[in-house]
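Chains, contacts and geometry: an overview
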Amino acid sequence: MEKGLFITFEGADGCGKTTQMKLLAEYLQKQGHDIVLTREPGGKGLGEKVREILLNYDGEVSDRCESFLFLADRAQNIDIIVNPAVEAGKIVLCDRHTDSTVAYQGYGRGLDLDRINLLNNIAVNGRKPDLTFVFDIDTETSMKRVGKEKDRMENAGIEFHNRVREGYLKIAQQEPERIKVIDASKSIEEIHKEVLNKIAKKFF
Ligand code: TYD
């Protein structure tokens with residue numbers, strides 16, 4: 001492969017996207033592809049520190065400050081991890097990316113969507129996912145999966161998380177070529193098969 005691929009995994013907390021990302025990574029590795037796994041927030045190094053603040057800081061955090069921290073982490077992830085790997089022909093799988101900010105800070109917190117999109121564009125500096133999976137699940141199930149030990153974002157309440165879910169579905173409608181919605185209430189095996197189907201259709 002001359003140029004690599006950038007594939008992102010999105011959805012509610014507890015939707016199972018991280019499990020699916022790892023299954024896909026194992027599959028692609030067995031096929032002989034060079035795979036890089038990363039996540040937002042918190043790819044490695046400085047990103048880990050930003051993640052720690054975003055998920056565990058227990059003082060007041062303004063919605064705008066929260067957005068900028070996610071965006072700062074994104075710029076670091078793109079520059080340090082994603083771009084070098086894609087340019088070297090690798091397949092990068094990323095747990096959360098720009099659509100998380102639109103869904104959580106835009107639809108969830110209610111910040112202006114045009115401004116979020118503008119800031120996202122600045123953070124990614126031209127890099128766009130070649131494919132995005134949104135794992136869709138009803139909020140009650142996802143919150144049950146998360147359990148009692150919730151981080152700062154998971155604690156934002158059921159209405160917030162309902163808005164996030166609706167947000168993801170709207171974004172997916174707007175970009176059907178890039179974003180594939182997958183029913184995350186199915187079994188891990190069924191979902192994995194669906195992911196492989198979509199990957200095969202699009203790239204191989
Ligand atoms: P994480 O533990 O990675 O959640 P999960 O395992 O469900 O992916 O925590 C990331 C949290 O940060 C999650 O609640 C979504 C939120 N988030 C945003 O609100 N905006 C963003 O731009 C990103 C990347 C994440």
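First, a word on what this report is: a plain description of the structure on this page. (Residues numbered from 1 in each chain as written. Predicted model: local features only at pLDDT ≥ 70, side-chain atom pairs only at ≥ 80, totals over all residues. Heavy atoms only, no water.)

A few words on the overall build of the protein chain. The number of helices and strands found in the protein chain is eight helices and five strands. Mapped from its N terminus to its C terminus, the protein chain presents α and β elements in the order β-α-β-α-α-β-α-α-β-α-α-β-α. Relative to the 2.2 N^0.38 estimate, which gives 17 Å for 204 residues, the radius of gyration of the protein chain is 16 Å and therefore close to what a compact globule would have. Taken along the three principal axes of its C-alpha coordinates, the protein chain extends 45 × 35 × 30 Å. Considering the protein chain as a whole, with its 204 residues, one finds that 48% of them fall into the buried category. As displayed, the protein chain has an accessible area near 10500 Å², and 49% of this comes from carbon and sulfur atoms. The distance from the centre of the 31 positive side-chain charges to the centre of the 34 negative ones in the protein chain is 2 Å. (Helix = DSSP H or I, 4+ residues; strand = E, 2+ residues; numbered from the N terminus. Rg over C-alpha atoms; globule rule 2.2 N^0.38 Å. Buried < 20%, exposed > 50% of the residue type's maximum accessible area, 1.4 Å probe, protein only. Areas by Shrake-Rupley, 256 points an atom, 1.4 Å probe, with all protein chains shown as cover. Lys, Arg positive; Asp, Glu negative; His and termini not counted. Charge placed at Lys NZ, Arg CZ, Asp CG, Glu CD.)

Turning to the nonpolar core, a few remarks are in order. Core analysis: the biggest nonpolar cluster contains 22 residues, and Ile7, Phe9, Leu24, Leu93, Phe133, Phe135 and Val195 have the highest contact counts within it. Mapped onto this core, the elements with two or more residues apiece are strand E1 (5-11), helix H1 (17-30), strand E3 (91-95), strand E4 (131-136) and helix H8 (188-203). Here Phe9 is in contact with Lys17, Gln20, Met21, Leu24, Leu93, Cys94, Asp95, Arg96, Phe133 and Phe135, once residues within four sequence places are set aside. Val102, Tyr107, Ala172 and Ile179 belong to the second-largest nonpolar core, a separate cluster that totals 17 residues. (Core = buried A, V, L, I, M, F, W, Y, C linked by side-chain atoms within 4.5 Å. Contact = heavy atoms within 4.5 Å.)

A separate point is the sheet that holds strand E5 (residues 179-183). Strand order in this open sheet of five strands is E2-E3-E1-E4-E5, and the pairing throughout is parallel. Strands with a single pairing partner mark the edges of an open sheet, and in this sheet they are strand E2 (35-39) and E5. Direction aside, neighbouring strands of the sheet carry axes that sit 20 degrees apart on average. The pairing of E2 with E3 spans five bridges and is classified as parallel. (Pairing = 2+ DSSP bridges. Axes fitted to C-alpha atoms, helices over the stretch in contact; angles between N-to-C directions.)

Following the sequence through the fold, Val164 ends up in helix H7 (residues 158-174). On a C-alpha basis, the gap between Val164 and Thr141 in space is 14 Å, while along the polypeptide they are 23 residues apart. Once residues within four sequence positions are removed from consideration, Val164 is found in contact with Ala103, Tyr104 and Gly108.

Structurally, the α-helix is built with 3.6 residues per turn, so residues lying three or four positions apart point the same way. If you check helix H5 (residues 113-124), its first and last C-alpha atoms are 16 Å apart, about what twelve residues at 1.5 Å a residue would give, namely 16 Å. Looking only at H5, the buried set comprises Ile116, Asn120, Ala123 and Val124. Looking straight down H5, one finds its buried side chains confined to an arc of 85 degrees; they lie on one side. Projecting away from the buried face of H5 at angles above 90 degrees are the exposed residues Asp114, Arg115, Leu118, Asn121 and Ile122. For H5, the secondary structure elements touched by its buried residues are helix H3 (63-87) and helix H4 (98-108). Here H5 starts with a cap whose side-chain oxygen sits 3.2 Å from the backbone nitrogen of Asp114, and that cap is Asp112. With its phi angle positive at about 55 degrees, Asn125 sits one or two positions after the end of H5. (Expected span 1.5 Å × (residues − 1). Arc of directions from axis to C-beta. Polar contact = N/O pair within 3.5 Å; in protein donor to acceptor, adjacent residues only side chain to side chain.)

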